[in-house]
Amino acid sequence: MCRIIFQEEGNFHAGALILVDKPLKWTSFDVVNKIRWCLKASCGKIKVGHAGTLDPLATGVVVVCTGKWTKRIEEFMAQEKEYVADLHFGAVTPSYDLETEPEGNFPTGHIDRAYLEGTLKAFTGRITQVPPAYSAIRIDGDRAYKKARKGGEIEMPSREVEVKELNLIDFAMPDVRLEITCSKGTYIRSLAHDLGKACRSGAYLAGLRRTRSGEDRIEEANKMEDLIAFLQKKE
């Protein structure tokens, strides 16, 4: 049985919240489109939207709203997020993750656990970051990643975000794992890139899992294959 919260039991048009564990390489829009397609037979035309984009190379919690609850998307999107992030030191990538090829050969021998933990303190609290050029932010009416993939020069606007907690949970240089609690709009890829520079090295995001969005935790999320099977049974 899939976990779905309804405004009125079984009524997707009246409003439902579906918590999804997004699979690797799926976009958040893929998740929305699949759910909309599964509901088409039983519900006809229906509004479906997600409350916060998760990159294709990330997995974890995506909050999906249907029907009248799509009006609550901004409310859900504004809630804090929690992530587990894998960083690789010694190289960088143009996308700040593995969408593009690693490049460079930066020193890592000077980075021990104490050094890294000390550097992490500078990234806790209100910080300013520049989102990656490979992102869905609109620049002059177009998605930034579309221009970036064509090799265009893009000046990304900086933004202020809040990192409430930033904990080192595994240290095995050149690979480390962080647990992050942050405000909406925080780019973990930018955090990885900036952390690499702050450590006088380079770093990129090698893996990311969103474990919480507001009060909704990954343990409560529906696997996509289970959700598809459940929704198709309702036809």
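Residues numbered from 1 in each chain as written. Predicted model: local features only at pLDDT ≥ 70, side-chain atom pairs only at ≥ 80, totals over all residues. Heavy atoms only, no water.

1. Side note on unusual backbone geometry
Alright, step 1. Cis geometry marks the peptide bond from M173 to P174; its omega dihedral reads 10°.
Alright, step 2. The residue P174 is located in the loop between β9 (159-172) and β10 (175-182) in this model.
Alright, step 3. Even without being a glycine, K25 presents a positive backbone phi close to 75°.
Alright, step 4. Tracing the chain through its elements places K25 in the loop between β2 (16-22) and α1 (28-43).
Alright, step 5. On the basis of relative accessibility, which here comes to 62%, the residue K25 falls in the exposed class.
Alright, step 6. The phi dihedral of R200 is positive, around 55°, even though this residue is not glycine.
Alright, step 7. Following the sequence through the fold, R200 ends up in the loop between α5 (188-198) and β11 (203-213). (Helix = DSSP H or I, 4+ residues; strand = E, 2+ residues; numbered from the N terminus. Buried < 20%, exposed > 50% of the residue type's maximum accessible area, 1.4 Å probe, protein only.)

2. Looking at the nonpolar core
Looking at soluble globular proteins, one finds that nonpolar side chains tend to be buried together.
Alright, step 1. F12 and I35 are the most contacted members of the largest nonpolar core, which totals 49 residues.
Alright, step 2. In terms of residues, this core owes the most to one element, α1, which gives six residues. (Core = buried A, V, L, I, M, F, W, Y, C linked by side-chain atoms within 4.5 Å.)

3. A few points about α5
Alright, step 1. Across the 11 residues of α5, eight count as buried, placing the element largely inside the fold.
Alright, step 2. Of the positions making up α5, those classed as buried are I188, R189, S190, L191, A192, H193, L195 and G196.
Alright, step 3. For α5, the secondary structure elements touched by its buried residues are β5 (81-89), α3 (113-120), β6 (125-129), β9, β10 and β11.
Alright, step 4. Once α5 finishes, R200 follows within two positions and takes phi at roughly 55°, a positive value. (Contact = heavy atoms within 4.5 Å.)

4. Description of the packing of aromatic side chains
Alright, step 1. Considering all chains together, one arrives at one aromatic pair under this definition.
Alright, step 2. Their ring planes at 75° and their centres at 4.9 Å tell us that F6 and F12 sit as a pair that is edge-to-face.
Alright, step 3. On the basis of relative accessible area, F12 is assigned to the buried category, the value being 1%.
Alright, step 4. Over the face of the ring belonging to W37 we find K34, whose NZ or CZ atom lies 4.7 Å from the ring centre.
Alright, step 5. Of note, R72 hangs over the ring of W69, and the distance from its end group to the ring centre comes to 4.9 Å. (Phe/Tyr/Trp six-rings, centres within 6.5 Å; stacked < 30°, edge-to-face > 60°. Lys NZ or Arg CZ within 6 Å of the ring centre and 35° of its normal.)

5. Notes on the pattern of salt bridges
Alright, step 1. All told, the structure shown has 12 salt bridges when counted by the stated rule.
Alright, step 2. In this structure, the salt-bridge partner of R209 is D21, at a minimum N-O distance of 2.8 Å. Note that R209 is positioned in strand β11 and D21 in strand β2, a separation of 188 residues in sequence.
Alright, step 3. On the basis of relative accessible area, R209 is assigned to the partly exposed category, the value being 28%.
Alright, step 4. In this structure, D21 engages K223 in a salt bridge whose closest nitrogen and oxygen atoms are separated by 2.8 Å. Of this pair, D21 sits in strand β2 while K223 sits in strand β13 (residues 222-223), placing them 202 residues apart in sequence. (Salt bridge = Lys/Arg side-chain N within 4 Å of Asp/Glu carboxyl O.)

6. Some details on the side chain of T70
Alright, step 1. Tracing the backbone shows T70 in the loop between β4 (58-66) and α2 (73-77).
Alright, step 2. Within the structure, the side chain of T70 is placed 2.8 Å from the backbone oxygen of G67, a separation counted as a polar contact.
Alright, step 3. Beyond its immediate sequence surroundings of up to four residues, T70 is in contact with K47, V48, G49 and C65. (Polar contact = N/O pair within 3.5 Å; in protein donor to acceptor, adjacent residues only side chain to side chain.)

7. Examining helix α6 (residues 224-233)
Alright, step 1. Among the residues of α6, M224, L227, I228, F230 and L231 are the ones counted as buried. Projected down its long axis, α6 shows its buried positions confined to an angular sector of 165°, all on one face. For α6, exposure combined with an orientation more than 90 degrees from the buried face picks out E225 and K233.
Alright, step 2. Next to the buried residues of α6 lie β1 (4-6), β2, α1 and β13. (Arc of directions from axis to C-beta.)

8. Here we look at the pairing of β2
Alright, step 1. The buried fraction of β2 is high, at seven of seven residues.
Alright, step 2. Every second residue of β2 is oriented toward a common face, with A16, I18, V20 and K22 on one face and L17, L19 and D21 on the other, all of them buried.
Alright, step 3. The pairing of β1 with β2 spans three bridges and is classified as antiparallel. Across the sheet, I4 pairs through a bridge with I18, a residue of β2.
Alright, step 4. Note: β2 against β4, seven bridges, orientation antiparallel. In the strand pairing of β4, K22 is matched with G60.
Alright, step 5. Of the strand pairs in this sheet, β2 and β13 are connected by two bridges, and their pairing is parallel. Paired with V20 across the strands is N222, a residue of β13. (Pairing = 2+ DSSP bridges.)

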